[in-house]
Amino acid sequence: MRLIPRLNESMIFKRANLQSQKQQIDLPLFLTTGVLVVFGLMMVYDASAIAGLKDFRDSLYYIRQQLIWVSIGLVSMIFFTGFDYKKFKFLSVPLLFCSVLLLLAVFIPGLGVSGGGAHRWLRLGMVTIQPAEIIKLTGVIYLAVLFEKQVRLLPFLILVVGVTLITAVLQKDLGSTSVFVATSIIVYLASGGSIWHFIISLPIGMLAFLLLVLTSGYRSKRIFALLDPFSDPQGFTYHISQVLIALGSGGLFGLGLGHSRQKFEYIPEVSTDSIFGIIGEELGFVGGSLVIALFALFLIRGCKIAQNCQDNFGKILALGLTSWLGIQAIVNLSSMTALLPLTGVPLPFISYGGSALVANLTAVGILLNISKQTT
């Protein structure tokens, strides 16, 4: 008579618990993202109402557009929450190739849209996108595939230098370039890349940065504005001085939601890159600190997902996505508080803008999928 071994009850419970853990998303990350998105919608409506009345005679114009992008972003997030992240191993090269084509397409007459001397936007029908936001996402996916088994220096350098030449030199978008390069370096080092490669290339990178700054008048002025934000309040330091006035006016608890004075066309790009100035003015130091705390929680959960992932590809991918969003938030907040020069980098989940928001929420969907398949 053949005996069937009985399973211990504790073993059955552990297996069932393990299976349930594999099906759960990281709830703190999901809730943090939701709070940031809802808060962003509230602040975009608050900051953009005046501009909407002036530009379109409709105070709800910008918030309606943002609601459309949020809907698209949420659909993308839900889709990629259920999309096995390991399939990106086969899609990374086509995705990166399409992203590079979009970066170059901004120079095609009739498709590219320029503003302020920069070529950063692409008009596809009634939709305008910023390809630099897309390549941050696809670049991280490609690097995770590239470094899954071993660190490969030459393809890494080709990607970083190529994207830098297109975005920083041709598109004049040093902010997005800085975020992409910093994210790539973190992924490279975390994947086991030699610290000596970074140390050796650091002087070259600094020299390239200085050349980009010194050969561009507006970039040089932003450096001078950082050193003395109130040296020319009616000229090249106008933007940062108005943001600092907004933050200073907020005090500890702010002027109250909806009571900003600086949103009446004093601060340029008030609902996009400079929206944190309005947050600080209306909600004060306490409100601004809570926003920073939410981003800190997001970073902690993203790093936790990377730490708990069982395969190397998922670890690198989660770390890369978390680093990208974290660096972008740090760059935006630092530029608004005169710790870094002003850059055209939006605040993730909060600033007005479709390309960045959809890319950010897509990244969250991938992170949630990785968290769902880890223990």
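Everything here concerns the structure above.
Residues numbered from 1 in each chain as written. Predicted model: local features only at pLDDT ≥ 70, side-chain atom pairs only at ≥ 80, totals over all residues. Heavy atoms only, no water.

**Student:** Mind showing me how you'd approach the overall build of the chain here?
**Tutor:** Within the chain, the secondary structure is distributed over 13 helices and three strands. For the chain, whose C-alpha radius of gyration is 22 Å, the value lies close to the compact-globule estimate of 21 Å for 375 residues. Each principal axis of the C-alpha atoms in the chain carries an extent, and together these give about 95 × 45 × 40 Å. A total of 375 residues make up the chain; the buried ones form 46% of that total. Across the chain, every contact between residues at least 6 apart in sequence was considered, and the portion connecting residues at least 24 apart equals 71%. Accessible surface for the chain amounts to roughly 18,600 Å². Of this, 69% is attributable to carbon and sulfur atoms. Between the mean site of the 26 positive side-chain charges and the mean site of the 17 negative ones, the chain shows a separation of 13 Å. (Helix = DSSP H or I, 4+ residues; strand = E, 2+ residues; numbered from the N terminus. Rg over C-alpha atoms; globule rule 2.2 N^0.38 Å. Buried < 20%, exposed > 50% of the residue type's maximum accessible area, 1.4 Å probe, protein only. Contact = heavy atoms within 4.5 Å. Areas by Shrake-Rupley, 256 points an atom, 1.4 Å probe, with all protein chains shown as cover. Lys, Arg positive; Asp, Glu negative; His and termini not counted. Charge placed at Lys NZ, Arg CZ, Asp CG, Glu CD.)

**Student:** For this particular structure, what's the right way to read the side chain of S241?
**Tutor:** Note on placement: S241 falls in helix α10 (residues 238-250). Look at S241 and you get buried, because its relative accessible area is 1%. A distance of 2.9 Å separates a polar atom in the side chain of S241 from the backbone oxygen of T237. When residues no more than four places from it in sequence are discounted, the contact partners of S241 are P229, F230 and P233. (Polar contact = N/O pair within 3.5 Å; in protein donor to acceptor, adjacent residues only side chain to side chain.)

**Student:** Can you help me understand the pattern of salt bridges in this one?
**Tutor:** When the charged atoms of two side chains lie near each other, side chains of opposite charge can form a pair. Here the structure, examined in full by the defined rule, presents seven salt bridges. Residue R301 pairs with D26 through a salt bridge whose shortest N-O separation is 2.7 Å. Pair noted here: R301 is in helix α11 (residues 275-308) and D26 is in the loop between α1 (9-22) and α2 (27-56), with a separation of 275 residues, a long-range link. What makes R301 partly exposed here is its relative accessible area of 22%. We note a salt bridge from K263 to D46, for which the minimum N-O separation is 2.6 Å. Remark: D46 occurs in helix α2 and K263 occurs in the loop between α10 and α11; sequence separation between them is 217 residues. Note on accessibility: K263 and D46 belong to one class, buried. Each of D46, K263 and E282 takes part in salt bridges that share partners, so that together they form one network. (Salt bridge = Lys/Arg side-chain N within 4 Å of Asp/Glu carboxyl O.)

**Student:** Honestly, the packing of aromatic side chains in this entry has me stumped. Any pointers?
**Tutor:** Pairs of aromatic rings are described using the distance from one ring centre to the other and the angle between the two planes. Here the structure, examined in full by the defined rule, presents 14 aromatic pairs. Taken together, a centroid distance of 5.6 Å and an interplanar angle of 75° make the contact between F80 and F83 edge-to-face. The exposure class assigned to F80 is buried, which follows from its relative accessible area of 17%. Assessed through its relative accessible area of 16%, F83 is described here as buried. Each member of the aromatic cluster is reached from another via a ring pair, and the members are F56, Y61, Y62 and Y352. (Phe/Tyr/Trp six-rings, centres within 6.5 Å; stacked < 30°, edge-to-face > 60°.)

**Student:** Even after reading the chapter, I still don't get helix α9 (residues 217-227), so can you show me in this structure?
**Tutor:** Each α-helix winds once per 3.6 residues, and so residues spaced three or four apart point in a common direction. Every buried residue of α9 is accounted for by R219, S220 and A225. Where α9 is buried, its residues meet α6 (153-170), α7 (174-190), α8 (195-214) and α10.

**Student:** So what exactly am I meant to see when it comes to the environment of F236 here?
**Tutor:** Tracing the chain through its elements places F236 in the loop between α9 and α10. For F236, a relative accessible area of 34% gives the class partly exposed. Through-space distance from the C-alpha of F236 to that of V161 is 30 Å; in sequence the pair is 75 residues apart. Non-local contacts of F236, meaning those with residues more than four positions away in its chain, are made with K221, F224, A225 and S231.

**Student:** Would you explain the packing of helix α5 (residues 131-146) against helix α12 (residues 312-336) in this entry?
**Tutor:** Working note: a packed helix pair is described by the angle between its axes plus the distance between those axes. The N-to-C vectors of α5 and α12 enclose an angle of 150°; their axes lie 8 Å apart at closest approach. What the angle tells us is that α5 and α12 run roughly antiparallel. The two elements α5 and α12 meet at a crossing, and its hand is right-handed. Contacts from E133, K136, L137, V140, I141, A144 and V145 in α5 reach F313, I316, L317, G320, L321, W324 and Q328 in α12. Residues that form the contact of α5 with α12 fall into these classes: ten nonpolar, two polar and two charged. (Axes fitted to C-alpha atoms, helices over the stretch in contact; angles between N-to-C directions. Parallel < 35°, antiparallel > 145°, perpendicular 65-115°, else oblique. Left-handed = near helix turned anticlockwise from the far one by under 90°. Nonpolar A, V, L, I, M, F, W, Y, C, P; charged D, E, K, R; others polar.)

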